[in-house]
Amino acid sequence: MIKTIDAAAFCAAVIHGAAAISAEKQAVNELNVFPVPDGDTGTNMSMTINTAATELKGKHYPTISAAASAAASALLRGARGNSGVILSLLFRGFSKGVKDKETINGRDFAVALDYGVAAAYKAVMKPAEGTILTVSRLSAAAAAAAARENDAVEAVLTETIAKGQEALANTVNQNPVLKKAGVVDAGGKGFLIILQGMLDSLQGKPMPETGGEAETQDKADFAALGEEDITFDFDTVFIVRKKKPNVNLDELRAYLNSIGDSLVIGEDDEAFKVHVHTDTPGDALNKAQEFGTLELCKIENMRTQYEDLAAGKHVQSTDDLDAVEKELENAEEEVADAEPEKEMGFVAVCAGDGLAATFRDLGADGVISGGQTMNPSTDDIMKQIRKTPAKIVYVLPNNKNIIMAAEQCIPLCKDKKVVVIPTKTVPQGISALLAALPDDGEEANTQAMLDAISGVHTSEVTYAARDSDFDGFDIHQGDYMALSEHQLFGTNTDLDALLKLLAEDQPQQEAEFITVIFGADVKQADAEKAQAIFQKACPNAEVTLLDGGQPVYYYMISAE
């Protein structure tokens, strides 16, 4: 039975916990209460804690206090989404609980966990039962009770997880939305997965495998090649985020085989990864983008690499770009803190080139790429705030899952005042920026923006990622789905019919202005057809069409 842990054991435990949530992030994502493709709790928690794992790897800390502080700092910078922010707060409080300690026992662990829960609850305006907060609170209470019986860390952590699992199972009864969907809370599940990973580390269990996709050769073994073996010049590896979870890649596979060899495609519900040798990597990338959005690419010339190898020279690869990229990042950081040239500046979060251009046209100093399924971290938002040449910087998160990450910037920013306008949708963000009164002072400007978002009704049209029976709706994978203020409005296999139902709904019927924002997967002609549907159904409203280029949502409809 392990009684105490030191800095090294703590670091190993956090790294193991990060690997555990990475391995199970998709299972956590799928605990979404709506069958729309925005289940990102597991992804957010995984990306958040992996910032800490990266920070701790290969480092030596003299005390557990120093290690926990480093982990908490990294988690704060990398926090993504509400679940990621709450996870970072749990670790921040934990860090305060072990301050000045070289090692900790089970009693110390329980106290630190309680500090973490207090920090998380303090940051949430209206804590709800049946969430990660509930699971963490009851887990901490179990830790305290266990420590009174046995102060060994292993014993305390074991009981913490056991009671946490009971609390997690009960979340389905505590939250009405979870109960309707018949699932437990995703954030609470992720939290316990991380704790179990930490316990597994203490008990010497092997690190879980991560990735979950077909093994792909990321770098050619040039030493094993002869020039006659190089049929195609370019070793090409890339990752593409799918347009739809069930996209069929047979056409892509056949095309890539026709222009190259050594083809391997690994995939999961969200993305696919391709490795291929080809003479025309551009063609491979262009074809792949018919099936999704390109996220990452690496291309290396195997012929020139072989020639360098044969000549005894350094073999150039994309790894050599790391040093250059680091220099560029350092240069960016050096100029990141813009001197205040004006009183107020604005930063907006959105996904889609059209929306980004709209926010810039309306006066946004900076636009952060992100939104549903791709929440920016606190650090991402902080960097844009620092680049904004203003004394007061307003942040428009434009997504309810990004608001908390944005709010974490307020105490972190020392040289500028940060004001977060709690915009939950892109239309709210656009209206807030339109209503801004930068010449009237902070109080008047803030109130004008808050008043503007209160008068915006947002509807969204997307697709179902899986079969589900939710709140009386029999939903099938691939169905079109309409959301009204984040609540399920209806489903249909006919997109036009669904748009007509939305247009006839009360918020649109009472609106003076309606903006139909169409996404990346919608053609101009289809978007104009959608505009006509709203014009016919809402004759008293001015209906405007906007090319947003956003992913996930075919349409966002703003009614004011």
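Residues numbered from 1 in each chain as written. Predicted model: local features only at pLDDT ≥ 70, side-chain atom pairs only at ≥ 80, totals over all residues. Heavy atoms only, no water.

Draft legend 1. Inspection of the overall build of the protein at higher detail. If you tally the helices and strands in the protein, you get 23 helices and 18 strands. Counting the 560 residues in the protein, one finds 51% classified as buried. Long-range contacts, defined here as pairs at least 24 residues apart, represent 71% of the contacts in the protein between residues at least 6 apart. When the accessible area of the protein is evaluated, it comes to approximately 25100 Å², of which 49% is carbon and sulfur surface. (Helix = DSSP H or I, 4+ residues; strand = E, 2+ residues; numbered from the N terminus. Buried < 20%, exposed > 50% of the residue type's maximum accessible area, 1.4 Å probe, protein only. Contact = heavy atoms within 4.5 Å. Areas by Shrake-Rupley, 256 points an atom, 1.4 Å probe, with all protein chains shown as cover.)

Draft legend 2. Looking closely at the environment of His275. By secondary structure assignment, the location of His275 is in strand β5 (residues 271-278). Here His275 falls in the buried class, since its relative accessible area comes to 1%. Taking C-alpha positions, His275 is 5.8 Å from Thr236, a pair spaced 39 residues apart along the chain.

Draft legend 3. A look at the pattern of salt bridges. Considering all chains together, one arrives at 18 salt bridges under this definition. Ionic pairing is found between Asp521 and Lys243, a salt bridge with its closest N-O pair at 3.9 Å. With Asp521 in the loop between β16 (513-518) and α23 (524-537) and Lys243 in the loop between β3 (234-242) and α11 (250-259), this pair connects stretches of sequence that are 278 residues apart. Using a relative accessible area of 39% as the deciding quantity, one classes Asp521 as partly exposed. The salt bridge partner of Asp365 is Lys342, with a shortest N-O separation of 2.5 Å. Taken together, the residues Asp365 in the loop between α15 (353-361) and β8 (366-369) and Lys342 in strand β7 (residues 342-350) connect sequence positions 23 residues apart. Judged by relative accessible area, Asp365 falls into the partly exposed class, the value being 30%. (Salt bridge = Lys/Arg side-chain N within 4 Å of Asp/Glu carboxyl O.)

Draft legend 4. Structural view of the nonpolar core. Grouped together as the largest cluster of nonpolar side chains are 81 residues, with contacts concentrated most on Phe10, Ile49, Phe191, Met198 and Ile381. When sequence neighbours within four positions are dropped, the list of residues in contact with Phe10 reads Ile64, Ala67, Ala68, Ala71, Phe94 and Met198. Grouped together as the second largest cluster of nonpolar side chains are 30 residues, Phe346, Val419, Ile475 and Val552 included. (Core = buried A, V, L, I, M, F, W, Y, C linked by side-chain atoms within 4.5 Å.)

Draft legend 5. Spatial organisation of the pairing of strand β14 (residues 480-484). Counted residue by residue, β14 has 4 buried out of 5 residues, so it is predominantly covered. Bridge analysis of β14 against strand β15 (residues 487-492) gives 5 bridges, and the strand direction is antiparallel. Counterpart to Ser484 in the pairing with β15 is Gln487. From the end of β14 to the start of β15, which pair antiparallel, there are 2 residues, and Glu485 there has a positive phi angle of about 50 degrees. (Pairing = 2+ DSSP bridges.)

Draft legend 6. A look at the sheet that holds β7. If you trace the 4 strands from one edge of the open sheet to the other, you get β8-β7-β9-β10, paired in parallel fashion. If you trace the sheet from one side to the other, it starts and ends with β8 and β10 (417-420), each paired once. Shown here is a sheet whose adjacent strand axes are inclined to one another by a mean of 20 degrees, direction ignored. Here strand β9 (residues 390-396) pairs with β10 via 4 bridges, running parallel. Directly across from Ile392, in β10, lies its bridge partner Lys417. Against the sheet, α15 contacts β7, β8 and β9, and its axis sits at roughly 165 degrees relative to β7. (Axes fitted to C-alpha atoms, helices over the stretch in contact; angles between N-to-C directions.)

Draft legend 7. The sheet that holds β16, seen in detail. On the basis of which strands lie adjacent, the open sheet formed by 6 strands has the order β15-β14-β11-β18-β16-β17 and mixed pairing. At either margin of the open sheet sits one strand with a lone partner, and together these are β15 and β17 (542-547). Within this sheet the neighbouring strands show an average axis-to-axis angle of 20 degrees, counted without direction. Along the sheet, helix α19 (residues 426-435) makes contact with β11 (457-463), β16, β17 and β18 (555-559), crossing β18 at roughly 45 degrees. Against the sheet, α23 engages β16, β17 and β18, with an angle of about 160 degrees to β17.

Draft legend 8. Looking closely at the pairing of β3. Summarising the sheet, β3 and β5 pair through 8 bridges and their orientation is antiparallel. Directly across from Val237, in β5, lies its bridge partner His275. In this sheet, strand β6 (residues 292-301) lies alongside β3 in antiparallel orientation, the contact comprising 9 bridges. Of the residues in β6, the one forming a bridge with Phe238 is Cys297.

Draft legend 9. Summary view of helix α21 (residues 495-503). Three or more residues of α21 are buried, namely Leu495, Leu498, Leu499, Leu502 and Ala503. The arc enclosing the buried residues of α21, seen along the axis, measures out at 140 degrees, which places them on a common side. The inward-facing, buried residues of α21 abut β11, β14, β15, α22 (506-509), α23 and β18. One side-chain oxygen of the residue at the start of α21 lies 3.0 Å from the amide nitrogen of Asp496, identifying that residue as Asp494. (Arc of directions from axis to C-beta. Polar contact = N/O pair within 3.5 Å; in protein donor to acceptor, adjacent residues only side chain to side chain.)

Draft legend 10. The packing of aromatic side chains, seen in detail. A complete count under the given rule lists 5 aromatic pairs for this structure. Ring centres of Phe10 and Phe94 lie 5.9 Å apart, and the angle between their planes is 15 degrees; this geometry places the pair in the stacked category. Linking Phe10 in helix α1 (residues 7-23) with Phe94 in helix α5 (residues 81-97), this pair joins segments that are 84 residues apart in sequence. Residue classification places Phe10 among the buried positions, given a relative accessible area of 1%. Geometrically, the ring pair formed by Tyr463 and Tyr554 is tilted, given 6.1 Å between the ring centres and 50 degrees between the ring planes. Here Tyr463 is found in strand β11, whereas its partner Tyr554 is found in the loop between β17 and β18, with 91 residues between them in sequence. Judged by its relative accessible area of 6%, Tyr463 is buried. Three or more aromatic residues link up through ring pairs in this structure, and these residues are Phe10, Phe94 and Phe109. (Phe/Tyr/Trp six-rings, centres within 6.5 Å; stacked < 30°, edge-to-face > 60°.)

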